[in-house]
Amino acid sequence: MGSLETSWATLPEARSPVLHLSHPTAGECQTVWKLSSLAWTDALSLPQYLEESAYLTTVPLAKDGVMTNWILTDKTLPPDQRPILCSCETFRKRTFLSDTGGNLSENIIHGVASVFCDPVLRRRGYGSRLMRELAEILRTFQAETTKSIGSVLYSDIGKKFYADLGWHPFPINTHIELDPSAAPDAPRATQLLPGNLERLCEEDEAMIRKELTSTSTTGKTRMVLVPDLDHMLWHHKKEEFVCEKLFGKKPQIKGAIVGQAGNRVWGIWTHRFYGDPESASSENTLYILRLVIENQATTGIRDAEQSERQVEQMKAILQAAQGEAAEWKLHRVMMWDGRITFSYPKLWDSYKFIPHLTFSYPNGV
């Protein structure tokens, strides 16, 4: 049946015991994607978006059961004849947890994404029912061999809806925006190509492990979502699909790096086209997915020279990103990470800060 053919007046209420979470069939996935196209086609046509949605189930961070599709539906009806009242996806992610003494464990955390309810079904409580059911399931889901310690989601509808359901807002998170700019006299950074990323991600993970095995200076438990290659590849497979459809070519430059081993700064980015590439009013964006500073300077006097060098290296990376955005006619460069603003205030004085909300639900932690 599917959501589009359902008689809305006969649907169960959100509190009904006949509702449960289930995994959609291939046909029901098509229905979910058609519905969500109202919000997330970006610059693609509907047929292209449906093709992209199917393709993104086959790439790293999604394939082999890492991504799971969910629907809220009526358990008394058979698959392909049941209503789709609300839907979402979850992604199983690696995470490191370190106690105050630096004892590190590797666990999993679930990233919740693409929560969507048909507009004609909104304000009936289905979204809240889906999220409450999901929160309980994710406590033990896919945790046969590795402990699940929580779930995390990112919201563009404000903090109240998810906070009321138990996801705790991260208190401080900002992102910066830069204009695209081709600056021929900018400090030179080396381009990162696809073949460069695996080793850098491995080195990044090793540095994170080293940091987390040290004693906590704050007296608090620390948790990090591992920024591994699969995360980068998911974004790059998406950007390549979209750019191939829009331009007949794929972005080859995946980031930039500057400095010598042990004292490098690098950034990995992705191109996102939300609207017509030729439209001046679009929000097409180059997102910096990961920024790494090796041997990061602190606030001590002896680190002043190192800090100045790292500021120049950061400028080189950001200017490379601005140049890449200009090359692809993107309208802004964006990077999320409020902590950098406190580490390098001189670098950010002229940039625009925008608060952004992050939510996480620690399952028993």
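Structure: see above.
What this report covers is the structure whose coordinates are included nearby. (Residues numbered from 1 in each chain as written. Predicted model: local features only at pLDDT ≥ 70, side-chain atom pairs only at ≥ 80, totals over all residues. Heavy atoms only, no water.)

1. Examining the nonpolar core
Phase 1: Core analysis: the largest hydrophobic core is formed by 34 residues, its most contacted members being Val265, Leu286, Ile317 and Val333.
Phase 2: With six residues, helix α7 (residues 304-327) is the single largest residue contributor to this core.
Phase 3: Filtering out sequence-adjacent residues up to four positions away, leucine 286 remains in contact with Trp269, Thr270, His271, Ala321, Glu324, Ala325, Leu330, Arg332, Val333 and Met334.
Phase 4: Core analysis: the second largest hydrophobic core is formed by 23 residues, Leu11, Leu134, Leu138 and Phe141 among them. (Core = buried A, V, L, I, M, F, W, Y, C linked by side-chain atoms within 4.5 Å. Buried < 20%, exposed > 50% of the residue type's maximum accessible area, 1.4 Å probe, protein only. Helix = DSSP H or I, 4+ residues; strand = E, 2+ residues; numbered from the N terminus. Contact = heavy atoms within 4.5 Å.)

2. Some details on helix α3 (residues 126-137)
In an α-helix there are 3.6 residues to a turn, and that puts residues three or four apart on one side.
Phase 1: Compared with an ideal rise of 1.5 Å per residue, which puts twelve residues at 16 Å, α3 spans 17 Å between its outermost C-alpha atoms and is within 8% of the ideal.
Phase 2: Listing the buried residues of α3 in full gives Tyr126, Gly127, Ser128, Arg129, Leu130, Met131, Leu134 and Ala135. (Expected span 1.5 Å × (residues − 1).)

3. With respect to the packing of aromatic side chains
Geometrically, a pair of aromatic rings is defined through the distance of the ring centres and the angle of the planes.
Phase 1: This structure, assessed with the given rule, holds nine aromatic pairs.
Phase 2: Consider the rings of tryptophan 70 and phenylalanine 141, whose centres lie 5.1 Å apart with planes at 65°: the pair is edge-to-face. Remark: phenylalanine 141 occurs in the loop between α3 and β5 (148-154) and tryptophan 70 occurs in strand β2 (residues 67-74); sequence separation between them is 71 residues.
Phase 3: Among the aromatic side chains, those forming a connected cluster through ring pairs are Phe247, Phe273 and Trp328.
Phase 4: Cation over ring: arginine 122 sits above phenylalanine 116, and NZ or CZ is 5.1 Å from the ring centre. (Phe/Tyr/Trp six-rings, centres within 6.5 Å; stacked < 30°, edge-to-face > 60°. Lys NZ or Arg CZ within 6 Å of the ring centre and 35° of its normal.)

4. Let's talk about the packing of helix α5 (residues 197-212) against helix α6 (residues 229-247)
A packed helix pair is summarised by two numbers, namely the angle formed by the two axes and the spacing between the axes.
Phase 1: For the pair α5 and α6, interaxial distance at closest approach is 9 Å and the crossing angle is 140°. Looking at the two axes, α5 sits oblique to α6. Counted together, Leu197, Glu198 and Cys201 of α5 and Leu229, Met232 and His236 of α6 form the full contact between these two elements.
Phase 2: Taken together, the residues that form the contact of α5 with α6 break down as four nonpolar, one polar and one charged. (Axes fitted to C-alpha atoms, helices over the stretch in contact; angles between N-to-C directions. Parallel < 35°, antiparallel > 145°, perpendicular 65-115°, else oblique. Nonpolar A, V, L, I, M, F, W, Y, C, P; charged D, E, K, R; others polar.)

5. Describing unusual backbone geometry
Phase 1: In this structure, arginine 123 is a non-glycine residue whose phi angle is positive, near 65°.
Phase 2: Even without being glycine, glutamine 142 reaches a positive phi, approximately 55°.
Phase 3: If you trace the backbone, glutamine 142 turns up in the loop between α3 and β5.
Phase 4: Look at glutamine 142 and you get buried, because its relative accessible area is 18%.

6. Examining the side chain of serine 37
Phase 1: With respect to the secondary-structure elements, serine 37 resides in helix α1 (residues 26-40).
Phase 2: For serine 37, the side chain forms a polar contact with the main-chain oxygen of lysine 34, separated by 2.5 Å.
Phase 3: With near-sequence residues (within four places) excluded, serine 37 lies in contact with Leu46 and Tyr49. (Polar contact = N/O pair within 3.5 Å; in protein donor to acceptor, adjacent residues only side chain to side chain.)

7. Side note on the pattern of salt bridges
Phase 1: A complete count under the given rule lists 21 salt bridges for this structure.
Phase 2: Between aspartate 228 and arginine 94 there is a salt bridge whose closest N-O contact spans 3.4 Å. Highlighted residues: aspartate 228 in the loop between β9 (222-225) and α6 and arginine 94 in strand β3 (residues 86-98), separated in sequence by 134 residues.
Phase 3: Where arginine 290 meets aspartate 204, a salt bridge forms, and the shortest distance between an N and an O atom there is 2.8 Å. Here arginine 290 is found in strand β12 (residues 285-293), whereas its partner aspartate 204 is found in helix α5, with 86 residues between them in sequence.
Phase 4: Note on aspartate 204: relative accessible area 4%, which makes it buried.
Phase 5: A cluster of three or more residues bridged by salt bridges with shared partners is formed by Arg94, Glu106, Glu205, Arg209 and Asp228. (Salt bridge = Lys/Arg side-chain N within 4 Å of Asp/Glu carboxyl O.)

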